[in-house]
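Fold and contact review
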Amino acid sequence: MSTTYPMVRVEKVDKYFGDLHVLRNVDLEIQNSEVVVVIGPSGSGKSTLLRCLNHLEKIDHGRIEIDGRLIGYREVNGRPLELSESQVAKHRRDIGMVFQQFNLFPHLNALENIAAAPINVLKKDRNAAHAQARELLALVGLPEKEQSYPEQLSGGQQQRVAIARALAMEPKLMLFDEPTSALDPEMIKEVLDVMIDLSQKGMTMVVVTHEMGFARAAADRVVFMDEGQIVEEATPEDFFERPKHQRTKLFLSQILP
Amino acid sequence: MKAWDWPAFFEYLTSPFLMMGAWTTIWLTVVSMVIGLVLGLITALMRLSGIPVLVAIARFYTWLWRGTPLLVQLIIIFTGLPQLGIRLNVVQSALIGLGVNEGAYISEIIRAGIQSVSRGQFDAARALGMNFPTMMRVVILPQAARVIIPPLGNNFNGLLKTSSLASVISMEELLRRSQMLTQVQFRVLEIFVVAAIFYLIMTTIWGVIQGRLENYFGRGHAASARRTAKAVLDEQDAR
Ligand SMILES: Nc1ncnc2c1ncn2[C@@H]1O[C@H](COP(=O)(O)OP(=O)(O)OP(=O)(O)O)[C@@H](O)[C@H]1O
Ligand SMILES: [Mg+2]
């Protein structure tokens, strides 16, 4: 038996919101250090897929393994049994997530935002957590902003702090849900640069984005979703130059100039 | 008899008997508020837990206590319960009566405060691996506090005054002591004006403390916090 497993394994996953079938029999494998960009029309289930990967949403059928471990469930006699809230929380420690709206904690300054989870979840020593937070702020290019509250930062700066906050948990996998969609054009690059830097350091990343530049520069693979299904998967080059499916071609013709 | 007796007025104003009554009002209010806060927080979390039994218990409690007069609750606790063999002394009855009543109202305030925090904050906290208690303590309640503190402060102000209802079960707080004083000294107007002044001093000092608390919990929300607080107050005044 092989002892290696992919970082992400999604098998036959279905997800409903009431009667709405949001994910339809989704299969996806992502290897260690791979960067996968997910694109697709609005409402196609991209965010939902991402939120299932860290069990912010429950799946209705199928299974999701992260780094070889079933997420949100344990298996009893071959049947999945949902874990308690606090056990799910433990699974999520290894999975960082970055949101379109940043979702920084407004009552904490940049340093405290980054150190909050290491201190309160990993029970890290306060000084050590703050030292690590300072390093991460330097990494995302904001060493002078540690005392700033989110409302005192620009959108691009907030998103970079949010990335640092996720990295502070030393995740194995990073999920990005349209990290630049809420940003003014001039701030998009500073965030993408941090993400490209991260990908070059070998981080496994799943990125929902419409930034084709990022996909070309950093992605190993592009996944196209439509109506809850994965329609096409390809390298960025093949995907943009030689799309196979009609739906992909239609979508690309709509978003590319 | 003179229309207004200044010497008597000043005598009551410095009366240790009334001052001790006012002191009783203060600690009665503070302890009842603490009981109310604990019960209110527990009840609010029960309401939001999504666990049917807990939700039902929490709803029943707020429904019953908010739907009946405090005066009736106090009389039932002090004069009614002994019939069932449950004997509480005056202080216990007053604290339980005021505290449990306050908890029913506070739970609604806390619940509204928690619900005012955006979904994204819950998502971010969960995504960082926080469990429910950690998420509440580190992320949600500090933000909810910004919305909770102003109406909570108003409730404390209200409780300073409604604690006078405990006089009917012979709790010797400020109002009761004022009434007792009128039994021996007949300057009724002077005595109750002094009582009113004492209440006014207490609520005014509280107002100052409340302002400080609101500023503290509004940090990181410099302008928006004050707007929110004011909107909540205006809304309460409108009701
Ligand atoms: N919590 C929810 N309750 C009910 N329906 C939901 C919920 N979240 C998403 N949906 C629905 O599920 C479908 C997929 O939503 P999702 O957010 O995953 O799409 P998306 O591909 O991320 O779209 P966008 O590009 O607009 O972000 C949509 O029809 C959406 O309205
Ligand atoms: Mg989305």
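Residues numbered from 1 in each chain as written. Chains lettered and ligands numbered in written order. Predicted model: local features only at pLDDT ≥ 70, side-chain atom pairs only at ≥ 80, totals over all residues. Heavy atoms only, no water.

Section: the confidence of the model for chain B
The predicted coordinates should not be examined in detail at positions where pLDDT is low. All names here are of chain B. Under the convention used in this document: The pLDDT value tells you how sure the predictor is about a given residue, anywhere from 0 up to 100. Secondary structure counts use DSSP, requiring at least four H or I residues in a row for a helix and at least two E residues in a row for a strand, with both numbered from the N terminus. Two residues form a contact once any of their heavy atoms are found within 4.5 Å.
On average, residues of chain B score 90 in pLDDT, and 91% of them reach the 70 mark or higher. For chain B, per-element mean pLDDT is lowest for helix α10 (residues 222–238), which scores 49, and highest for helix α6 (residues 119–127), which scores 97. Contacts for the low-pLDDT stretch residues 223–230, under 50 throughout, to residues beyond four places or in other chains number 10 contacts. On the interface metric, ipTM, the complex scores 0.94, and its pTM is 0.85.

A short note on the sheet that holds strand β5 (residues 69–70) of chain A
Paired through backbone hydrogen bonds, the strands of a sheet run either parallel or antiparallel to each other. Residue and element names in this part refer to chain A. The cut-off we apply is this: Here, a strand pair is defined by DSSP locating no fewer than two bridges between the strands. In this analysis an axis means a line fitted to C-alpha atoms, helices contributing only their contacting stretch, and an angle means the value between N-to-C directions, from 0 to 180 degrees.
Judged by pairing direction, the sheet is antiparallel, and its four strands sit side by side in the order β2-β1-β4-β5 without closing on themselves. Edge positions in the open sheet fall to β2 (20–30) and β5, since each of these has one partner strand only. When strand β1 (residues 8–17) meets β2, the two strands line up antiparallel, connected through seven bridges. Residue pairing in the sheet places V10 in a bridge with L28 of β2. In the packing of helix α1 (residues 46–53) onto the sheet, contacts are made with β1, β2 and β4 (61–66), and the angle to β2 comes to roughly 60 degrees.

Regarding the pairing of strand β7 (residues 79–82) of chain A
Residue and element names in this part refer to chain A. Direction of pairing for strand β6 (residues 73–76) relative to β7: antiparallel, over a ladder of four bridges. Bridge pairing in β7 places V76 opposite R79. In sequence, β6 turns back onto β7 through a hairpin of two residues, with N77 there showing a positive phi of about 50 degrees.

Topic: α1 of chain A
Residue and element names in this part refer to chain A. In plain terms, the rule: The buried label goes to any residue with under 20% of its type's maximum accessible area, the exposed label to any with over 50%, and the partly exposed label to all in between, with areas taken from a 1.4 Å probe on protein chains only.
Most of α1 sits inside the fold, with seven of its eight residues counted as buried. Where α1 is concerned, the buried positions are K46, T48, L49, L50, R51, C52 and L53. Downstream of α1 by a residue or two, H55 has a phi angle that is positive, lying close to 60 degrees.

Let's talk about the pattern of salt bridges
Residues and elements named next belong to chain A. Operational definition: The term salt bridge refers to a side-chain nitrogen of Lys or Arg lying within 4 Å of a carboxyl oxygen of Asp or Glu.
This structure, assessed with the given rule, holds 29 salt bridges over all chains. A salt bridge links D226 to R247; the shortest N-O distance between them is 3.4 Å. Taken together, the residues D226 in strand β11 (residues 221–226) and R247 in helix α9 (residues 246–255) connect sequence positions 21 residues apart.

Remarks on the site of ligand 1
All names here are of chain A. Short version of the rule: Summary of the distance rule: residues count as near a molecule or strand when at least one heavy atom falls within 4 Å of that molecule or strand. We define a polar contact as two N or O atoms separated by no more than 3.5 Å, with the added condition that, inside protein, one atom must be a possible hydrogen donor and the other a possible acceptor, whereas residues neighbouring each other in sequence contribute only through side-chain atom pairs. Each accessible area value is a Shrake-Rupley result obtained with a 1.4 Å probe; residue values ignore everything except the protein chains displayed when judging cover. Here the term charged refers only to Asp, Glu, Lys and Arg, the term nonpolar to Ala, Val, Leu, Ile, Met, Phe, Trp, Tyr, Cys and Pro, and the term polar to all other amino acids, Gly among them.
Residues in close proximity to ligand 1 include F17, L20, V22, P41, S42, G43, S44, G45, K46, S47, T48 and E178, which together make up its full environment. The backbone of S44 places a nitrogen or oxygen atom 3.2 Å from an oxygen atom of ligand 1. Contacts to ligand 1 include E178, whose side-chain N or O atom sits 3.2 Å from an oxygen atom. Contact with the protein chains hides 58% of the accessible area of ligand 1, taken as 640 Å² for the molecule alone. Elements with a minimum of two residues in the shell around ligand 1: β2 and α1. With three residues, the top contributor of residues to the shell around ligand 1 is α1. Of the residues contributing to the shell around ligand 1, the split by class is four nonpolar, six polar and two charged.

Focus: the nonpolar core
A general trend in soluble globular proteins is that nonpolar side chains are found buried together. Counted only if it meets this: Definition used in this section: a nonpolar core is a set of buried Ala, Val, Leu, Ile, Met, Phe, Trp, Tyr and Cys residues joined via side-chain atoms within 4.5 Å.
One finds I64 of chain A together with M130 of chain B to be the most contacted residues of the largest nonpolar core, which totals 83 residues. With 11 residues, helix α7 (residues 132–162) of chain B is the largest single contributor of residues to this core. Once you skip the residues sitting within four places of it in the chain, I64 of chain A turns out to touch R9, V10, V13, C52, L53, I59, R69, L70 and I71 of chain A. Counting 51 residues, the second largest nonpolar core, distinct from the first, contains L104, A133, L192 and V222 of chain A.

Some details on helix α5 (residues 90–116) of chain B
Residue and element names in this part refer to chain B. This is how the line gets drawn: Helix span, as expected, comes to 1.5 Å for every residue beyond the first. Given a residue, its bend is the angle between the two axes fitted to the seven residues that end at it and to the seven that start from it.
The terminal C-alpha atoms of α5 lie 39 Å apart, and with 27 residues this matches the ideal 39 Å at 1.5 Å per residue to within 8%. The largest bend in α5 is about 25 degrees, located at A104. For α5, the buried fraction is high: 19 of the 27 residues fall into the buried class. You can read the cap of α5 off the contacts: a side-chain oxygen lies 3.1 Å from the backbone nitrogen of V91, and it is on N89.

As for the environment of Q143 of chain B
Its place among the elements puts Q143 of chain B in helix α7. For Q143 of chain B, the residues in contact, after removing those within four places along its chain, are P106 and H107 of chain A together with V117 and Q121 of chain B.

Quick word on the interface of chain B and chain A
Put simply, the rule is: Accessible area, probed at 1.4 Å, shrinks when two parts are joined; the buried area is that loss added up over both.
In this assembly, 23 residues from chain B lie in contact with 25 residues from chain A. Between chain B and chain A, roughly 2100 Å² of surface is buried when both sides are summed, and carbon and sulfur atoms account for 60% of that area. When the buried area of chain B at its contact with chain A is split by residue, R126, A127 and L128 of chain B rank highest and sum to 27% of it. Summed over the shared surface of chain B and chain A, the result is two salt bridges. At the boundary of chain B with chain A, the tally comes to six residue pairs in polar contact (both at pLDDT 80 or more). Those elements that place two or more of their residues in the side of chain B that touches chain A are α6, α7 and α10 of chain B. For the side of chain B that touches chain A, the residue count by class is 10 nonpolar, nine polar and four charged.

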